[in-house]
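Chain by chain, the residues run as shown.
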Amino acid sequence: ALLTTGSASAQAPDPEAVKRGEYVFDAAGCLGCHTDTKNKGPRLAGGRPIKTPFCTFYGPNITPDPVHGIGGWSDADFLRALGDGVAPDGAHYFPAFPYTSFTKMSDADLLVLKAYIFSVPAVARPSRPHELSFPFAWRWPLGVWKRLYFMPGPFVPDAARGAAWNQGAYLVEAGAHCRECHTPRDWLGGRDDSRAFAGTPDGPEGEKVPNITPDPATGIGGWSRGQLLRALKIGLLPDGDFVGALMSEVVEQSTGRLTDADLEAIAVYLESVPAVANPAAKATAAGFD
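Residues numbered from 1 in each chain as written. Predicted model: local features only at pLDDT ≥ 70, side-chain atom pairs only at ≥ 80, totals over all residues. Heavy atoms only, no water.

**Student:** With reference to specific residues and values, describe the packing of aromatic side chains.
**Tutor:** Two aromatic rings, taken as a pair, are described by how far apart their centres are and by the angle between their planes. On inspection of all chains with the given rule, the structure shows 10 aromatic pairs. With 5.2 Å between their ring centres and 90 degrees between their planes, Tyr 99 and Phe 150 make a pair best called edge-to-face. Taken together, the positions of Tyr 99 in helix α4 (residues 99-102) and Phe 150 in the loop between α6 (142-149) and α7 (163-175) put the pair 51 residues apart, joining distant regions of the chain. Each ring, one from Trp 165 and one from Tyr 269, has its centre 5.2 Å from the other, and the planes form 70 degrees; the classification is edge-to-face. Highlighted residues: Trp 165 in helix α7 and Tyr 269 in helix α11 (residues 260-270), separated in sequence by 104 residues. Here Trp 165 and Tyr 269 have matching classes, each one buried. Aromatic rings pair up to connect Tyr 93, Phe 97, Tyr 99, Phe 102 and Phe 150 into one cluster. In this arrangement the basic side chain of Lys 114 is found over the ring face of Phe 118, its NZ or CZ atom lying 4.1 Å from the centre. (Phe/Tyr/Trp six-rings, centres within 6.5 Å; stacked < 30°, edge-to-face > 60°. Helix = DSSP H or I, 4+ residues; strand = E, 2+ residues; numbered from the N terminus. Buried < 20%, exposed > 50% of the residue type's maximum accessible area, 1.4 Å probe, protein only. Lys NZ or Arg CZ within 6 Å of the ring centre and 35° of its normal.)

And the structure:
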């Protein structure tokens, strides 16, 4: 696996770093939020609407354009943005940007990710402003929100678990940020981690996000390891249907590009999380559409 749970120093943006960074980029699903693929927008130039129960956010331009993108960011700026949710100018990012998970990524992975992003063509296109309504248009309360819901810091491997479990935990909890979409949220947008991965009927884009805990009745507890791997790799569900909507993007742009070893690690971890019953987000074929 190219993603690593260990600590590391900054790496130069050499061809090997760019290659490794592309794998991290795919694992993190960056393309989906930062490219307006529906309108055939330029790669990573932003404009993709992300509809949430609170507001509509638009993925910003993260190409290396120095004016409209992140071309002026230092390594420290990049690490602070993804690790602390803070922009170079000191402003807090809205948690629609999943820094609450990216904070768990190692510096090594974040820096090769930056190397890859800085290798794509720069696009001089302004980011589209978010469509924010009262009171979510204010940024100053985000500092309070962070104190309530944000726990910064890298992933710490569990010495009592095996290498595959720890690799799966790192992928699911950090780079791939599965918890962000598959966990219910409260009225302030904070995750209800007591029901982690239990799904929600009102996820991004207004879609139902299925329960992926091992609950046998409403989750994926009845799935075999092979069925789970096929869902992650090609989007094939146990009943012969295929995942749709946002999950189809995840498979096409992210999980479907991971190595078999990393997919196996993800399956090992997901099979180990606490089972939570949630009939409102039952993991049927319809639940993945």
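Read on, since the account is not over.
**Student:** Could you give an account of unusual backbone geometry, with specific residues and numbers?
**Tutor:** Most peptide bonds are trans, and most residues other than glycine sit at a negative phi. Here the phi dihedral of His 177 falls at roughly 45 degrees; this positive angle occurs in a residue that is not glycine. Summarising the element assignment, His 177 is placed in the loop between α7 and α8 (178-182). Unlike most non-glycine residues, Phe 197 shows phi in positive territory, near 70 degrees. By the element assignment, Phe 197 lies in the loop between α8 and α9 (225-234). In this structure Phe 197 comes out as buried when scored by relative accessible area, which is 1%.

**Student:** Explain α6 residue by residue, including any values.
**Tutor:** Of the residues making up α6, those classed as buried are Leu 142, Gly 143, Trp 145 and Lys 146. The buried residues of α6 all sit within an arc of 155 degrees when viewed along its axis, so they share a single face. Every exposed residue of α6 that faces more than 90 degrees away from the buried side is listed here: Arg 147 and Leu 148. On its buried face, α6 sits against α3 (75-84) and α4. (Arc of directions from axis to C-beta. Contact = heavy atoms within 4.5 Å.)

**Student:** Lay out the nonpolar core with the relevant residues and their values.
**Tutor:** Soluble globular proteins tend to bury their nonpolar side chains together. Counting residues in each nonpolar core, the largest one holds 54 residues, and the members touching the most others are Phe 25, Phe 78, Leu 113, Ile 117, Phe 197 and Ile 266. Elements supplying a minimum of two residues to this core: α1 (15-28), α2 (30-34), α3, α5 (107-117), α7, α9, α10 (245-253) and α11. Apart from residues lying up to four places away in sequence, Phe 25 is in contact with Cys 30, Leu 31, Arg 43, Leu 44, Leu 113, Tyr 116 and Ile 117. Core analysis: the next-biggest nonpolar cluster, separate from the first, contains five residues, Ile 50, Cys 55, Phe 57 and Phe 94 among them. (Core = buried A, V, L, I, M, F, W, Y, C linked by side-chain atoms within 4.5 Å.)

**Student:** For the side chain of Ser 254, give the residues involved together with the corresponding values.
**Tutor:** Of note, Ser 254 is situated in the loop between α10 and α11. On the basis of relative accessible area, Ser 254 is assigned to the buried category, the value being 6%. Among the polar contacts listed, one links the side chain of Ser 254 to the backbone oxygen of Asp 26, at a separation of 2.7 Å. Ignoring sequence-local partners within four residues, the contact set of Ser 254 consists of Asp 26, Ala 27, Gly 29 and Glu 249. (Polar contact = N/O pair within 3.5 Å; in protein donor to acceptor, adjacent residues only side chain to side chain.)

**Student:** Give a description of a nonpolar patch on the surface that names residues and reports values.
**Tutor:** Together, Val 144, Leu 148, Trp 187 and Leu 188 make up an exposed nonpolar region whose accessible area comes to about 460 Å². By secondary structure assignment, the location of Val 144 is in helix α6. (Patch = residues over 30% accessible without salt bridge, like charges linked within 9 Å, V, L, I, M, F, W, Y side chains within 5 Å. Areas by Shrake-Rupley, 256 points an atom, 1.4 Å probe, with all protein chains shown as cover. Salt bridge = Lys/Arg side-chain N within 4 Å of Asp/Glu carboxyl O.)

**Student:** Can you break down the pattern of salt bridges residue by residue, with the values?
**Tutor:** Note on pairing: side chains with opposite charge can pair once their charged atoms come close. For the structure on display, the rule yields 12 salt bridges. With its nearest N and O atoms 3.4 Å apart, the salt bridge here joins Asp 26 to Arg 257. Residue Asp 26 is found in helix α1, and its partner Arg 257 is found in the loop between α10 and α11; the two are separated by 231 residues along the sequence. Assessed through its relative accessible area of 9%, Asp 26 is described here as buried. Judged by its relative accessible area of 40%, Arg 257 is partly exposed. A salt bridge links Arg 191 to Asp 193, with the nearest nitrogen and oxygen atoms 3.0 Å apart. Arg 191 sits in the buried class, given a relative accessible area of 19%. In the salt-bridge network here, residues are joined through shared partners; they are Glu 173, Arg 179, Glu 180, Arg 185, Arg 191 and Asp 193.

**Student:** Outline the packing of α9 against α11, listing residues and values.
**Tutor:** Packing of α9 against α11 leaves a shortest axis separation of 10 Å and a crossing angle of 125 degrees. Between α9 and α11, the crossing angle belongs to the class labelled oblique. Where α9 crosses over α11, the handedness of that crossing is right-handed. Contacts between α9 and α11 involve Arg 225, Leu 228, Leu 229, Leu 232 and Lys 233 from the first element and Asp 260, Leu 263, Glu 264, Ile 266, Ala 267 and Val 268 from the second. Considering only residue class, the contact of α9 with α11 consists of seven nonpolar, no polar and four charged. (Axes fitted to C-alpha atoms, helices over the stretch in contact; angles between N-to-C directions. Parallel < 35°, antiparallel > 145°, perpendicular 65-115°, else oblique. Left-handed = near helix turned anticlockwise from the far one by under 90°. Nonpolar A, V, L, I, M, F, W, Y, C, P; charged D, E, K, R; others polar.)

Remember that the coordinates give geometry; whether it matters functionally is a separate question.
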